[in-house]
Amino acid sequence: MINEWYVLIEEDTMIGENADGVHLRLHRWMLVGTHRIGQDRAEAVAMAEDAALRYIPRVLARHARPGDEPGREAFLAQDGTWVVLVRQRRRECHFRVTAARLMHSRTEEEARAKSLKEKLRSALDGPAPLPQPWAPGR
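These numbers come from a predicted model, not from an experiment.

A. Molecular detail of the overall build of the chain. On a plain count of helices and strands, the chain comes out with three helices and five strands. Start at the N end of the chain and walk to the C end: the helices and strands fall as β-β-α-α-β-β-β-α. In terms of overall dimensions, the chain is more spread out than a globule: its C-alpha atoms have a radius of gyration of 22 Å, far above the 14 Å expected for 138 residues. Within the span of the chain, comprising 138 residues, buried residues form 20% of the whole. Contacts in the chain between residues at least 24 apart in sequence constitute 53% of all its contacts with a sequence separation of at least 6. Carbon together with sulfur atoms contributes 53% to the accessible area of the chain, which is approximately 11,200 Å² in total. One way to put it: in the chain the 22 positive side-chain charges average out to a point 4 Å from where the 20 negative ones average out.

B. Main features of the environment of Ala52. Relative to the assigned elements, Ala52 resides in helix H1 (residues 41–54). Overall, Ala52 belongs to the buried group, its relative accessible area being 0%. With 21 residues separating them along the chain, Ala52 and Glu73 place their C-alpha atoms 9.3 Å apart. Dropping the residues within four chain positions of it, Ala52 is found in contact with Arg72, Trp82, Val84, Phe95 and Val97.

C. The arrangement of a positive patch on the surface in detail. A cluster of like positive charges, contributed by Arg58, Arg62, Arg90 and Arg91, occupies part of the molecular surface. Position of Arg91 among the secondary structure elements: in strand S5 (residues 91–102).

D. Seen up close, the pattern of salt bridges. All told, the structure shown has six salt bridges when counted by the stated rule. With a shortest N-O distance of 3.1 Å, Arg96 and Glu10 are connected by a salt bridge. Here the residue Arg96 occupies a position in strand S5, and Glu10 occupies one in strand S1 (residues 4–19), the gap between them amounting to 86 residues. Through salt bridges with shared partners, one network takes in Glu73, Arg87 and Glu92.

E. Fine view of the pairing of S1. Strand direction decides the pairing type here: S1 and S5, joined by eight bridges, are antiparallel. Bridged to Ile9 within S5 is Val97. Note that S1 and strand S2 (residues 22–38) share 15 bridges and pair antiparallel. Among the inter-strand pairings, Glu11 is bridged to a residue of S2, identified as Met30. Hairpin connection of S1 to S2: two residues between the antiparallel strands, including Asp20 at a positive phi of 55°.

F. Layout of the environment of Glu10. Its relative accessible area of 22% is what places Glu10 among the partly exposed residues. Each C-alpha atom of the pair Glu10 and Met47 lies 15 Å from the other, and the pair is 37 residues apart in sequence. Excluding residues within four positions of it along the chain, Glu10 makes contact with Trp29, Met30, Leu31, Val32, Phe95 and Arg96.

About the thresholds
Residues numbered from 1 in each chain as written. Predicted model: local features only at pLDDT ≥ 70, side-chain atom pairs only at ≥ 80, totals over all residues. Heavy atoms only, no water. Helix = DSSP H or I, 4+ residues; strand = E, 2+ residues; numbered from the N terminus. Rg over C-alpha atoms; globule rule 2.2 N^0.38 Å. Buried < 20%, exposed > 50% of the residue type's maximum accessible area, 1.4 Å probe, protein only. Contact = heavy atoms within 4.5 Å. Areas by Shrake-Rupley, 256 points an atom, 1.4 Å probe, with all protein chains shown as cover. Lys, Arg positive; Asp, Glu negative; His and termini not counted. Charge placed at Lys NZ, Arg CZ, Asp CG, Glu CD. Patch = residues over 30% accessible without salt bridge, like charges linked within 9 Å, V, L, I, M, F, W, Y side chains within 5 Å. Salt bridge = Lys/Arg side-chain N within 4 Å of Asp/Glu carboxyl O. Pairing = 2+ DSSP bridges.

What follows is the structure, given as structure tokens:
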């Protein structure tokens, strides 16, 4: 088993879209930082706390001026996850910081490119069946 600890930072990325004359605020959680800490869990927990107290989300950093210090409320959940609310100049956003252990890692593998003959054959035969979704007991 891999024994590497990381600090993960997730941001609520908000974008504005107009649809049928209505302005929509679309929110999506996005992993914006994976920082390798090492093999010490206590160090990872301490680094997660430091990130929760110092990290500035992109939406605020874009509009910050030198010397600005945003308002911040940092909440520590029972599972060790930090949820942080940050406010600055009528802007508000939130993010999560977690100390997490890497449990599995695999490198990407691409299938070899099909030859012209294989492409023509698959065009006549139709598409290959999709892989079955994960289910318990398989």
